[in-house]
Amino acid sequence: MGRPLNTVVFDSTYYPAVAVSFVFFLTLFKFVSPTLSTKLSEGYNQLTNAQQIDWNTRMISTVHATVVSSMCAYSLIYDNDISEEPIWWDAPMVRASCAIVVGYMAADIVIMTIHYQQVGEVFYFFHHGASMYAYYYVMTYGVLPYFANYRLVAEFSTPFVNQRWYLAVLGYSKSSPVFVANGVAMAVTFFAVRVAMIPPYWLKVYSVYGTEGFNRLGHIQMVLIITCAILDMINLFWFYKIYRGCRKVIEFTFMKDRESEPAVRVAAARARDKGVKAE
């Protein structure tokens, strides 16, 4: 800690974790998810091949998000040194979580490449590439632990995003309580961990900009600026799509209630008329 970047020893300690993560998520996608989903969900067997592939990718995405976000929460709560020395503090938990992320994203890239017609999207290739580039330096050199952990907090919103897709593909009505509740939770969580945290992140970057520790980073300074700026633009784009989706659901529910009001009033009037006749 506190040494110029060009004197930092290349550390491959966490590379085996990348390999284990890579194999684990590929295995989960190829074997575990299809087997469990077939047994636990009757709807899975009714899906098209493309939908089943998408289902399995979202399964590994949910597992990855749950594991990594839990590790991030632990670091935020128990490792106060990260905030005090956000650039050069060696945080094993953060480096391990970054290794898991790199392994997962490498596996996801392989899956998207093989099944490009079903789940491939250029947008995600750019997202994964930018993320892997940034987390590579964290797990290899142990730099920028605070900023890496801060960015990974965004994974808290991923399970809700995936759950919305599951509910939709299983045929749940967009006005159903479970669909609406998950939609609200998804929008709120996504905004809280991916959008609202943008200003504090850049304020922290500003607070270390030009300091001795920041200057020692060399070209890795660009990870804090260019890479994260790209990720923020992607998150803002995604939130815009989520906002539009939530607005449509709310408008649909509202219009459905409005349309049902006359029918309810007519039914009530008929019930009252029957009561009067009975008397």
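Residues numbered from 1 in each chain as written. Predicted model: local features only at pLDDT ≥ 70, side-chain atom pairs only at ≥ 80, totals over all residues. Heavy atoms only, no water.

### Some details on the overall build of the chain
Right, so step 1: For the chain, the helix and strand inventory stands at 13 helices and zero strands.
Right, so step 2: In sequence order, the chain lays out its α and β elements as α-α-α-α-α-α-α-α-α-α-α-α-α.
Right, so step 3: Taking all 279 residues of the chain together, 43% fall into the buried category.
Right, so step 4: Counted over contacts in the chain with a minimum sequence separation of 6, partners at least 24 positions apart contribute 79%.
Right, so step 5: Approximately 15,100 Å² of the chain is accessible, and the part contributed by carbon and sulfur atoms is 65%. (Helix = DSSP H or I, 4+ residues; strand = E, 2+ residues; numbered from the N terminus. Buried < 20%, exposed > 50% of the residue type's maximum accessible area, 1.4 Å probe, protein only. Contact = heavy atoms within 4.5 Å. Areas by Shrake-Rupley, 256 points an atom, 1.4 Å probe, with all protein chains shown as cover.)

### A word on the UniProt feature "transmembrane region" (unreviewed entry) in the chain
Right, so step 1: Under the UniProt annotation, the feature "transmembrane region" (unreviewed entry) is placed at residues 12–32, 93–114, 134–154, 175–197 and 217–240.
Right, so step 2: Taken end to end, residues 217–240 is 83% helix and 0% strand, and its two terminal C-alpha atoms sit 34 Å from one another. (UniProt positions renumbered as here; feature names shortened; annotations may be inferred.)

### Here we look at the pattern of salt bridges
Right, so step 1: According to the stated counting rule, one finds five salt bridges in the structure shown.
Right, so step 2: In this structure, Asp 11 and Arg 95 form a salt bridge, with 3.0 Å as the shortest nitrogen-oxygen distance. Remark: Arg 95 occurs in helix α5 (residues 92–114) and Asp 11 occurs in the segment before α1 (15–40); sequence separation between them is 84 residues.
Right, so step 3: Judged by its relative accessible area of 22%, Asp 11 falls in the partly exposed class.
Right, so step 4: With relative accessibility at 5%, the residue Arg 95 sits in the buried group.
Right, so step 5: For Arg 151, the salt bridge goes to Asp 232, with nearest N and O atoms at 2.5 Å. Taken together, the positions of Arg 151 in helix α8 (residues 145–152) and Asp 232 in helix α13 (residues 221–278) put the pair 81 residues apart, joining distant regions of the chain. Considered together, Arg 151 and Asp 232 belong to a single accessibility category, that of buried residues.
Right, so step 6: Here the residues in one salt-bridge network are Asp 11, Asp 90 and Arg 95, joined through shared partners. (Salt bridge = Lys/Arg side-chain N within 4 Å of Asp/Glu carboxyl O.)

### Some thoughts on the packing of aromatic side chains
Right, so step 1: Counted according to the given criterion, the structure contains 24 aromatic pairs.
Right, so step 2: An angle of 75° between the planes, with centres 6.5 Å apart, marks the rings of Trp 55 and Trp 165 as edge-to-face. Of this pair, Trp 55 sits in helix α3 (residues 49–78) while Trp 165 sits in helix α9 (residues 158–169), placing them 110 residues apart in sequence.
Right, so step 3: A relative accessible area of 17% means that Trp 165 is categorised as buried.
Right, so step 4: Where Phe 123 meets Trp 238, the ring centres are 6.0 Å apart and the plane angle is 65°; that geometry is what we call edge-to-face. Taken as a pair, Phe 123 in helix α7 (residues 122–141) and Trp 238 in helix α13 lie far apart in primary sequence, 115 residues in all.
Right, so step 5: You can call Phe 123 partly exposed: its relative accessible area is 28%.
Right, so step 6: Grouping aromatic residues by their ring pairs yields a cluster made of Phe 10, Tyr 15, Tyr 133, Tyr 136, Tyr 137 and Tyr 141. (Phe/Tyr/Trp six-rings, centres within 6.5 Å; stacked < 30°, edge-to-face > 60°.)

### What to know about the packing of α1 against α3
Angle between the axes and distance between the axes are the two parameters that describe a pair of packed helices.
Right, so step 1: As a packed pair, α1 and α3 sit with axes 9 Å apart at the nearest point and diverge in direction by 115°. Considering how the two elements wind past one another, α1 and α3 form a crossing that is right-handed. Two secondary-structure elements touch here, α1 through Phe 24, Phe 25, Leu 28, Phe 29, Ser 33, Pro 34 and Ser 37 and α3 through Ile 53, Trp 55, Asn 56, Thr 57, Met 59, Ile 60, Val 63 and His 64.
Right, so step 2: Of the residues assigned to the contact of α1 with α3, the class counts are ten nonpolar, five polar and no charged. (Axes fitted to C-alpha atoms, helices over the stretch in contact; angles between N-to-C directions. Left-handed = near helix turned anticlockwise from the far one by under 90°. Nonpolar A, V, L, I, M, F, W, Y, C, P; charged D, E, K, R; others polar.)

### Let's talk about the packing of α9 against helix α10 (residues 177–195)
Right, so step 1: Where α9 contacts α10, the axes come no closer than 8 Å and their chain directions differ by 155°. Here α10 runs roughly antiparallel to α9, going by the angle between their axes. Considering the relative orientation of α9 and α10, their crossing is left-handed. Mapping the contact onto sequence places Thr 158, Phe 160, Val 161, Gln 163, Arg 164, Leu 167 and Ala 168 in α9 and Val 178, Phe 179, Asn 182, Ala 185, Met 186, Thr 189, Phe 190 and Arg 194 in α10.
Right, so step 2: In terms of residue class, the contact of α9 with α10 is built from nine nonpolar, four polar and two charged. (Parallel < 35°, antiparallel > 145°, perpendicular 65-115°, else oblique.)

### Regarding α7
Right, so step 1: In this model, α7 (20 residues) spans 29 Å end to end at C-alpha, consistent with the 28 Å of a helix rising 1.5 Å per residue.
Right, so step 2: The complete set of buried residues in α7 reads His 127, His 128, Ala 130, Ser 131, Ala 134, Tyr 135, Tyr 137, Val 138, Met 139 and Thr 140.
Right, so step 3: Of the residues flanking the end of α7, it is Gly 142, one or two places downstream, whose phi is positive at about 75°. (Expected span 1.5 Å × (residues − 1).)

### Section: the environment of Met 59
Right, so step 1: Take Met 59: it is sitting in helix α3.
Right, so step 2: Of the residues examined, Met 59 reaches a relative accessible area of 27% and is grouped as partly exposed.
Right, so step 3: Not counting residues up to four positions away in its chain, the partners in contact with Met 59 are Ser 33, Ser 37 and Tyr 166.

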